[in-house]
Amino acid sequence: MKRILLTGATGRLGSELLQGLNSSYEVCAPTRAELPLSPQTDFYSFFQQTKPHTVVNSGALSDVDYCESHPEEAEETNVLAPQKLAEACRKLNIRLIHISSDYVFSGEKGSPYTEEDEIGGNPNFYGQTKEGAEKAILKANPEAILLRVAWLYGKKGPDFVSSIMDKLRAGSTRIQAVEDQFGSPTSIADLCTHIPYFIERENVKGVFHLVNEGCVSRLEMAKVIADEFGSVCEVCGVTSKNFPRPAKRPKNTSLRSLRLQEAKLPPMPNWEASLREFVRKNQKAPE
Ligand SMILES: NC(=O)c1ccc[n+]([C@@H]2O[C@H](COP(=O)([O-])OP(=O)(O)OC[C@H]3O[C@@H](n4cnc5c(N)ncnc54)[C@H](OP(=O)(O)O)[C@@H]3O)[C@@H](O)[C@H]2O)c1
């Protein structure tokens, strides 16, 4: 049985991924205290001792507003640590799957980005660290796999989908959602199905867009969630100016994959089908 080392296993993606991987792999999921994502960490010795077949780096400082006001910590966690981790994987011939983001793009293209588009220009520091990480990792370890995910939702939360579901459960009669920012909402459950393909297929490397298919606003997502709830709640659109936040958000970072098909990997499901399925399965309040 292959041994997988998973970072960020207490996070939104990592916690579900840990559960999913556990059925087919021996998973080693060090905590932050055991393996800090820091440039001071000796990843080489840790990997030499634990001998993983694949490292999945799902750990990151993912709070966009926090990164804006803590740039040094964000740079260390999101760029310098993954760079060092990638070097250790290369030296030890360990496969590396790094989780990246739609925020590597500026959001100004006006249509979905493919893996062939150039990265750069995101208006916030978090996005710039994810861009920096991709460049540093590919330089340190050209065999690495970079999976760009976006607008995640899943069982753990908090995320946009869980916040709308909480409002509907609480009986809200009017919900507001941003109508002028677009992305590719992605079900963590779908990622848990797809990520093992990258562990198993020894010949794939480089960048892949791994998001549910489609380009959608938060408003459209909220309408689908309310519809699936069977709610009569009024869902209204507002512009992002009505939701000022410390870090600027890009306009449209929706993604499309060319490389999944090229690599003969299954496509990701459509965003609406996955969102409806998630809402149906998780409609009852968590106990
Ligand atoms: N959420 C999204 O919508 C989204 C969108 C695009 C890309 N992504 C990317 O997807 C990946 C997973 O995101 P997520 O939403 O699951 O993140 P998350 O819920 O914020 O979880 C982050 C994980 O990283 C760990 N971590 C943070 N700083 C660390 C450090 N210095 N040392 C060791 N561990 C550290 C956290 O551990 P603690 O529990 O100890 O804090 C936690 O396990 C990240 O690479 C993120 O950039 C996320």
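Preceding this paragraph is the structure being described.
Computed from a predicted model, the values in this text were never measured in an experiment. (Residues numbered from 1 in each chain as written. Predicted model: local features only at pLDDT ≥ 70, side-chain atom pairs only at ≥ 80, totals over all residues. Heavy atoms only, no water.)

Peer 1: Report on the overall build of the chain, specifying residues and quantitative values.
Peer 2: Looking only at helices and strands, the chain has ten helices and twelve strands in total. In terms of overall size, the chain behaves like a compact globule, its C-alpha atoms giving a radius of gyration of 19 Å where 287 residues would be expected to give roughly 19 Å. Here the C-alpha coordinates of the chain stretch approximately 55 × 40 × 40 Å along the principal axes. Taking all 287 residues of the chain together, 52% fall into the buried category. Across the chain, every contact between residues at least 6 apart in sequence was considered, and the portion connecting residues at least 24 apart equals 81%. Summed over all atoms, the accessible surface of the chain reaches about 13,500 Å², with 49% contributed by carbon and sulfur. (Helix = DSSP H or I, 4+ residues; strand = E, 2+ residues; numbered from the N terminus. Rg over C-alpha atoms; globule rule 2.2 N^0.38 Å. Buried < 20%, exposed > 50% of the residue type's maximum accessible area, 1.4 Å probe, protein only. Contact = heavy atoms within 4.5 Å. Areas by Shrake-Rupley, 256 points an atom, 1.4 Å probe, with all protein chains shown as cover.)

Peer 1: Describe the site of the ligand, with residues and values.
Peer 2: Among the 25 residues in the neighbourhood of the ligand, the closest are listed as T10, L37, S62, Y126 and K130. Note that an oxygen atom of the ligand is positioned 2.5 Å from one of the side-chain N or O atoms of T10. In this structure, an oxygen atom belonging to the ligand sits 2.8 Å away from a main-chain N or O atom of L13. Taken by itself the ligand offers 910 Å² of open surface, and the protein chains cover 82% of this. The set of elements that each furnish at least two residues to the shell around the ligand consists of helix 1 (12-22), strand 4 (95-101) and helix 5 (125-140). Looking at which element gives the most residues to the shell around the ligand, the answer is strand 4, with three residues. (Near = heavy atom within 4 Å. Polar contact = N/O pair within 3.5 Å; in protein donor to acceptor, adjacent residues only side chain to side chain.)

Peer 1: Residues and numbers for the nonpolar core, please.
Peer 2: Formed by 29 residues in total, the largest nonpolar core has its most connected members in V161, M165, L168, M221, I225 and L275. Contributions of two or more residues to this core are made by helix 6 (160-169), strand 7 (174-178), helix 8 (218-229) and helix 10 (271-282). With seven residues, helix 8 is the single largest residue contributor to this core. Contacts of M165, omitting those with residues within four sequence positions, involve I225, F229, F278, V279, N282 and Q283. (Core = buried A, V, L, I, M, F, W, Y, C linked by side-chain atoms within 4.5 Å.)

Peer 1: So what's going on with the packing of aromatic side chains? Which residues, and what values?
Peer 2: The final tally for this structure, using the stated rule, is five aromatic pairs. On the numbers, 6.1 Å between centres and 70° between planes, the contact of Y103 with Y126 is edge-to-face. With a gap of 23 residues between them, Y103 in the loop between strand 4 and helix 5 and Y126 in helix 5 connect regions that are remote in the sequence. Of the two residues, Y103 and Y126, neither departs from the other in class, the shared state being buried. Aromatic pair F105 and Y113: ring centres 4.0 Å apart, planes at 10°, arrangement stacked. With respect to burial, F105 and Y113 carry one shared label: buried. Positioned above the aromatic ring of F160 is the side chain of R218, whose terminal nitrogen or guanidinium carbon lies 5.1 Å from the ring centre. The ring centre of F208 lies 4.3 Å from the NZ or CZ of R259, which sits over that ring. (Phe/Tyr/Trp six-rings, centres within 6.5 Å; stacked < 30°, edge-to-face > 60°. Lys NZ or Arg CZ within 6 Å of the ring centre and 35° of its normal.)

Peer 1: Explain the packing of helix 1 against helix 7 (residues 188-200) residue by residue, including any values.
Peer 2: Two numbers describe how helix 1 lies on helix 7: the axes approach to 9 Å, and their chain directions differ by 60°. The orientation of helix 1 with respect to helix 7, classified from their angle, is oblique. Of the two elements, helix 1 crosses helix 7, and the hand of that crossing is right-handed. Between helix 1 and helix 7, the residues in contact are R12, L13, E16, L17 and L21 and I188, A189, L191, C192, I195, P196 and I199, respectively. For the contact of helix 1 with helix 7, a count of residues per class yields ten nonpolar, no polar and two charged. (Axes fitted to C-alpha atoms, helices over the stretch in contact; angles between N-to-C directions. Parallel < 35°, antiparallel > 145°, perpendicular 65-115°, else oblique. Left-handed = near helix turned anticlockwise from the far one by under 90°. Nonpolar A, V, L, I, M, F, W, Y, C, P; charged D, E, K, R; others polar.)

Peer 1: So what's going on with the pattern of salt bridges? Which residues, and what values?
Peer 2: Inspection of the entire model under this criterion finds 15 salt bridges. Salt-bridge contacts for D117 lead to K109; the nearest nitrogen and oxygen are separated by 2.8 Å. (Salt bridge = Lys/Arg side-chain N within 4 Å of Asp/Glu carboxyl O.)

Peer 1: Hey, could you go over the environment of K251 for me, with residue numbers and the actual values?
Peer 2: If you trace the backbone, K251 turns up in the loop between strand 12 (234-238) and helix 9 (259-262). Overall, the relative accessible area of 48% leaves K251 in the partly exposed class. Separated by 68 residues in the primary sequence, K251 and G183 have C-alpha atoms spaced 8.4 Å apart. In contact with K251, other than residues within four places in its own chain, are G107, E108, D180, Q181 and F182.

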